[in-house]
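Descriptive analysis of the structure
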Amino acid sequence: MKNILILVFVFTTQIITSQNYKELTPEEKEGDLNYLIEVLKNNYPYFDRYECTYGKSWLSQKDLFLEKVRNSKDNENYLVQLDSIIKSLHDKEVDLAPTYYWDHFRTKYGEAYFMNPGYTPWVNTLNQSQKEMPYWSNLLKKENIKTTVNNNDLQYKDSLVRSPEIGIMRIPSFDTECITNTFQRINDFLYLVNSYDYLIIDIQGNKGGSSSFWMDGIVSRLIQTPVNFNRHFAIKKGTINYLFFSRYLNNISGIIPSSLPSLPLEFSEQNFKLVEETTTIQPFLPIPFKGEIILLTDSAVFSAADEFASFAKSSSWATIAGETTGGGGIGSDAVLVRLPASGIIVRYPALAGLNPNGSLHREYKTTPNIEIKGSNADERLNNLINKLNNRHLFMVQHSENKSPYE
């Protein structure tokens, strides 16, 4: 799309507070919600999945939704109703996070833009609401009880086990906040264990972050030749999707539905386009690790962490052990939608990730090669270590009992 707004990096000093922000009229509230529903109708990919799961159409509830916002007594109650309507989709990737964490989103996408101008639509959308954000963000924080995150649980850790020699890297987040220090520790540890029998990369509980974390900090160090990561998506041919993902929708080539035997029927319709994307990961100062790489997962693994698991399994780069992941890894950044009257920003996933056979990744996720059970992360890790110990002992005994003529 050519009509992209000019990027503005200068922030206004005028902010809207509760004292000087006007109450929205019922017509403005309805206008916001009508706009959001229309955008989702033409761009959101999962309405058929919703209907299959819940036995009714989300879009058919529009009149009920409009009545809720029309009757909201003030802005605060309007925000509560809007949040409730969005959550009724039962999709954790559709939410008000860009409004709640506007400063964080603006910083991250601003940084991403300097590396890749393709992030212009995201930055422009966030910039348009910079005046309203303190007001709506404060209302959201007033209405939501947030749990405290223990930062100690998000720190990278490593450890060693002997006989067999097992190196263990515990990476509970792919957040880029401390990426430089973490990369250095990973580098030092990989050199330390380069002659070990096994390397366990424990990503249990990892809810994602940056894909570059695992691509550049881990995989590129443990490959000797380039490795391809092939992903398949379905994307609706909506106007907003064209604005954010023109590289897919303006591309003449696409996937033939018949080449994906397990593709859900709705994605073969004319209003969807099927896309294949290949990312090639290049080796960088490769470490000559000769042992087996095992990725330990659980049901909490999500987003970029699930993407790592999907890559490892589809490329056979590593063995997946543990539990089926939480999914969310085959896709891209959620689209940001600015509501015209309030300036509130909602996000939704535009790309429906597909497994290599065409099945919906959101439903089937990434399944392990080896199931490892346990009531918690430590128990699953210990069970995996015991399994490797037993395998190693069997191999040693088998080798010792073999005839020299075998």
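Every chain's residues receive numbers from 1 upward, in the order its sequence appears when written. Local features in this predicted model are restricted to residues whose pLDDT is 70 or higher, and side-chain atom pairs enter the listing and the counts only when it is 80 or higher, whereas totals over whole chains, interfaces and linings include all residues. Hydrogens and water are ignored here; the side-chain numbers use all heavy atoms of the structure.

**Some words on the sheet that holds strand β5 (residues 272–281)**
Sheet architecture is open: three strands sit in the order β5-β4-β10, paired in antiparallel fashion. Looking along the sheet, the strands with just one partner apiece sit at the ends: β5 and β10 (351–354). Within this sheet the neighbouring strands show an average axis-to-axis angle of 35°, counted without direction. Think of it this way: DSSP has to see at least two bridges between two strands before they count as a pair. To qualify as a helix, a DSSP run of H or I must reach at least 4 residues; to qualify as a strand, a run of E must reach at least 2; elements of each kind are numbered from the N terminus. Taken together, the 10 bridges between strand β4 (residues 227–236) and β5 define a ladder with antiparallel strand orientation. Note that in β5 the partner of Ala234 across the bridge is Leu274. Lines are fitted to the C-alpha atoms to define the axes, a helix being fitted only along its stretch in contact, and any angle between axes, read from their N-to-C directions, falls within 0 to 180 degrees.

**Here we look at the pairing of β4**
Accessible area is worked out with a 1.4 Å probe on protein chains only. A residue is then buried under 20% of its type maximum, exposed over 50%, and partly exposed in between. For β4, a buried count of eight out of 10 residues is recorded, marking the element as mostly surrounded by other parts of the structure. Bridge count between β4 and β10: four bridges; the pairing is antiparallel. Paired with His232 across the two strands is Leu354, which belongs to β10.

**Looking at the pairing of strand β3 (residues 198–202)**
Of all five residues making up β3, five are buried, and the element is well covered by its neighbours. Here β3 shows no split at all, with Tyr198, Ile200 and Asp202 on one side and Leu199 and Ile201 on the other all buried. Inspection of the sheet shows β3 paired to strand β6 (residues 292–297) by five bridges, in the parallel sense. The residue bridging Tyr198 from the neighbouring strand is Glu292, located in β6.

**Thoughts on the sheet that holds strand β11 (residues 370–371)**
Read from one edge of the open sheet, six strands run β1-β2-β3-β6-β7-β11, paired in mixed fashion. For this open sheet the edge positions go to β1 (157–161) and β11, each flanked by a neighbour on one side alone. Both strand β7 (residues 319–322) and β11 contribute to a ladder of two bridges, which runs parallel. Bridge pairing links Ala321 to Ile370 in β11. Against the sheet, helix α9 (residues 179–192) engages β1, β2 (166–170) and β3, with an angle of about 10° to β1. Together, β3, β6 and β7 form the strand contacts of helix α13 (residues 304–314), whose direction differs from that of β6 by roughly 140°. We call two residues in contact whenever any of their non-hydrogen atoms come within 4.5 Å of each other.

**Regarding the side chain of Arg231**
Topologically, Arg231 is positioned in strand β4. Note on Arg231: relative accessible area 8%, which makes it buried. A distance of 2.9 Å separates a polar atom in the side chain of Arg231 from a polar atom in the side chain of Glu307. Apart from the residues lying within four places of it in its own chain, the contact partners of Arg231 are Val275, Glu276, Glu277, Thr279, Glu307 and Ile330. Any pair of N or O atoms that falls within 3.5 Å is considered a polar contact. Within protein, one atom must be able to donate a hydrogen and the other to accept it, and sequence-neighbouring residues count only if both atoms are side-chain atoms.

**Side note on the nonpolar core**
Residue types Ala, Val, Leu, Ile, Met, Phe, Trp, Tyr and Cys, when buried and joined through side-chain atoms within 4.5 Å, form a set referred to as a nonpolar core. In terms of nonpolar packing, the biggest core is built from 102 residues, with Ile201, Phe308 and Trp317 touching the most fellow members. At six residues, α13 tops the list of elements feeding residues into this core. Non-local contacts of Phe308, meaning those with residues more than four positions away in its chain, are made with Phe174, Ile201, Ile203, Trp214, Ile218, Val219, Leu295 and Trp317. By size, the runner-up hydrophobic cluster in this structure holds 12 residues, among which are Ile166, Ile294, Ile372 and Ile385.

**Examining the pattern of salt bridges**
Every case where a carboxyl oxygen of Asp or Glu lies within 4 Å of a side-chain nitrogen of Lys or Arg is listed as a salt bridge. Using the criterion set out here, one finds 18 salt bridges in the structure. The partner of Lys22 in a salt bridge is Glu28, with the nearest N and O atoms 3.0 Å apart. With relative accessibility at 47%, the residue Lys22 sits in the partly exposed group. A salt bridge links Asp202 to Arg170; its shortest N-O distance comes to 3.8 Å. Here the residue Asp202 occupies a position in strand β3, and Arg170 occupies one in strand β2, the gap between them amounting to 32 residues. Residue class for Arg170 comes out partly exposed when judged on its relative accessible area of 23%.

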